[in-house]
Amino acid sequence: MGATFEQIEHYLGDVDWTLSNLDSARDWIAFASIPLFTGVVGWLINWSGLIMLFYPIHFHGARIKGMAELARVLPRKIQEVPGFLQGGLGWQGIVPARAAKMGSIAVDKAIAKLGTPAEFYQQLEPEKIGEHIVTMFAPEIPALVDDVMRQASPSTWRDLPEPAKRAVVARVQAQLPAVVHTITQEIGEHIDQLLDPKIMVIEHFRANPELVVKVFKDIGQKELNTMVNIGFVFGFLFGIPVAFLDHWFHQWWLLPVLGIGVGWATNLLGMWLIFEPVEPTRYFGIRFHGLFLRRQNEAAEVYARIIADDVITLERIGDFLVDGPRGDRTRAMLIAALGPAIDRAAGLGRGAARVALGARSYDAIKSGFALEAVDRTLMPFRDEAFSRQQSGKIRTLIAQRTKELAPRDFVEMMRSAIKEDEWMLYAHGAIMGVVGGFIHLSIFGVGGGGR
């Protein structure tokens, strides 16, 4: 034991603590270049890390037979690498690869707290939707009446005098606003059962991963740029003790090993500065607050614009109501609700019509009108121009509610989808740190100068 302490004492006594062995320009350049080198590597780590985070939008690589089965028995962290579980060897940006998850978390952490489906529907002004439906639908009434009557009771309609036909059309046109009101009212009353924002958002994000990238970049571009630039600052600062350690202990493996720590810590601190601390906190008398959180109000406006213009729109609500997983339920509910409305449209002539046409023919006509009315009155929900016009209300609601979110919920809305995948960015930083250490070693050799 005594011999060991003597060896350590002798070794430490031989260390050039005062840098006196740096006796040539080349030695000083080698020593001083380490912080500059780690600074550049730190910048490259964060710059390339952002590329890894967002690109490519879709998976690029090769599908390998048996890879999917092998991936299922590998550690969970390896399974998280984009493409592995699908049997692919390649890469997809972390954010677009987690588009569906981002959609799920966006609903759970934010959109569900921003408002119920009923609130969103009311913001879209059902009265104006009804007016728009009537405006678009009214010119089609003559053709609609003719089509339905020809299919349900062709002989009766053929033999009916023209004045009587025009009277039927006029009656239907006169009742159109009431029928449309029934439809928009029924949708509003049952919207919570007909519309599932979570499914709608998840499927839209899954089908459009570039939209998730747009959310991140449009909201956090300032912070992302800061993260890249601060990579140089952190890398440079970490490089100062690395330069001394490398010179003092003069081991070939020091720079690559310390490069692991520098690369990992550079990414880690960059992410921390953007998202942490959630609440303003003082350390050593200095106030720290996540860069992203300082702009919550500004980011809320950007987030609201993206969600209102691209995700929760009247057009997409219409698509979901008609063609979504609950589309059949929407149609059945509206057809059932339209029955009494059509009877009211028939007015006093309803009894006579049932006698003249027969109950079966009358019911067939009523059913035909209901089916056509549902299909045609839901079409304006898919009117892109009208949807954009109505999106302002949704944007205002989302912006207001997003600004009111607790800071932790606001952060989780953006970060949770990628948090468990951040280890890939840190590992990427560590690998680049090792490579940077070997490059410096190959240029300047061991220890930045003689001992």
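The structure reproduced in this document is the subject of the present report. Here the residue index of a chain counts from 1 through its sequence in written order. In view of the model being predicted, local features appear only for residues whose pLDDT reaches at least 70, and side-chain atom pairs are presented and counted only at 80 or more, with totals across whole chains, interfaces and linings using the full set of residues. The basis for every side-chain value is the complete set of heavy atoms in the structure, and neither hydrogens nor water enter the calculation.

### Brief notes about the overall build of the protein
Piece 1. Along the protein, the regular secondary structure elements total 22 helices and four strands.
Piece 2. Relative accessibility thresholds used throughout: buried, under 20% of the residue-type maximum; exposed, over 50%; partly exposed, between the two (1.4 Å probe, protein chains only). Within the protein, the fraction of its 451 residues that count as buried is 47%.
Piece 3. For the protein, the proportion of contacts with a sequence separation of at least 24, taken over those separated by at least 6, is 83%.
Piece 4. All accessible-area figures derive from a Shrake-Rupley calculation using a 1.4 Å probe, and residue coverage is judged against the displayed protein chains alone. Total accessible area computed for the protein in this model is approximately 21800 Å², and 61% of it derives from carbon and sulfur atoms. A run of DSSP states H or I qualifies as a helix once it reaches four residues; a run of E qualifies as a strand once it reaches two. Both are numbered from the N-terminal end. Any two residues whose heavy atoms approach within 4.5 Å are treated as being in contact.

### Regarding helix α2 (residues 25-54)
Every α-helix winds through 3.6 residues per turn, so residues three or four apart in the chain are directed the same way.
Piece 1. In this analysis, the expected span of each helix is defined as 1.5 Å times one less than the number of residues it contains. If you check α2, its first and last C-alpha atoms are 43 Å apart, about what 30 residues at 1.5 Å a residue would give, namely 44 Å.
Piece 2. Note on bend: at a given residue it equals the angle between the axes fitted to the 7 residues ending there and to the 7 starting there. Along its length, α2 reaches its greatest deviation from straightness, about 35 degrees, at Ser33, and the proline Pro35 lies no more than four positions downstream.

### Focus on the packing of α2 against helix α22 (residues 422-444)
Piece 1. To get an axis, a line is fitted to the C-alpha atoms, and for a helix only the part in contact is used. The angle between two axes follows their N-to-C directions and goes from 0 to 180 degrees. It is at 9 Å that the axes of α2 and α22 come closest, and there the two elements cross at 150 degrees. Judged on the interaxial angle alone, α22 and α2 are roughly antiparallel. Classified by chirality, the crossing of α22 by α2 is right-handed.
Piece 2. Of the residues that constitute the contact of α2 with α22, the class distribution is 15 nonpolar, eight polar and one charged. For classification, angles of less than 35 degrees are called roughly parallel, those exceeding 145 degrees roughly antiparallel, those between 65 and 115 degrees roughly perpendicular, and all remaining angles oblique. Each crossing gets its handedness from the near helix: less than a right angle anticlockwise from the far helix is left-handed, clockwise is right-handed. Here the term charged refers only to Asp, Glu, Lys and Arg, the term nonpolar to Ala, Val, Leu, Ile, Met, Phe, Trp, Tyr, Cys and Pro, and the term polar to all other amino acids, Gly among them.

### Focus on the pattern of salt bridges
Piece 1. Salt bridges, as used here, are contacts in which a Lys or Arg side-chain nitrogen is within 4 Å of a carboxyl oxygen on Asp or Glu. Counted under the stated rule, the structure contains three salt bridges.
Piece 2. A salt bridge links Arg206 to Glu203, with the shortest nitrogen-to-oxygen separation between them at 3.5 Å. Pair noted here: Arg206 and Glu203 are both in helix α12 (residues 197-207), with a separation of three residues, about one helical turn.
Piece 3. By relative accessible area, Arg206 is classed as partly exposed at 48%.
Piece 4. For Arg295, the salt bridge identified is with Glu298, shortest N-O distance 3.1 Å.
Piece 5. The class of Arg295 is buried, set by a relative accessible area of 13%.
Piece 6. In this structure Glu298 comes out as partly exposed when scored by relative accessible area, which is 39%.

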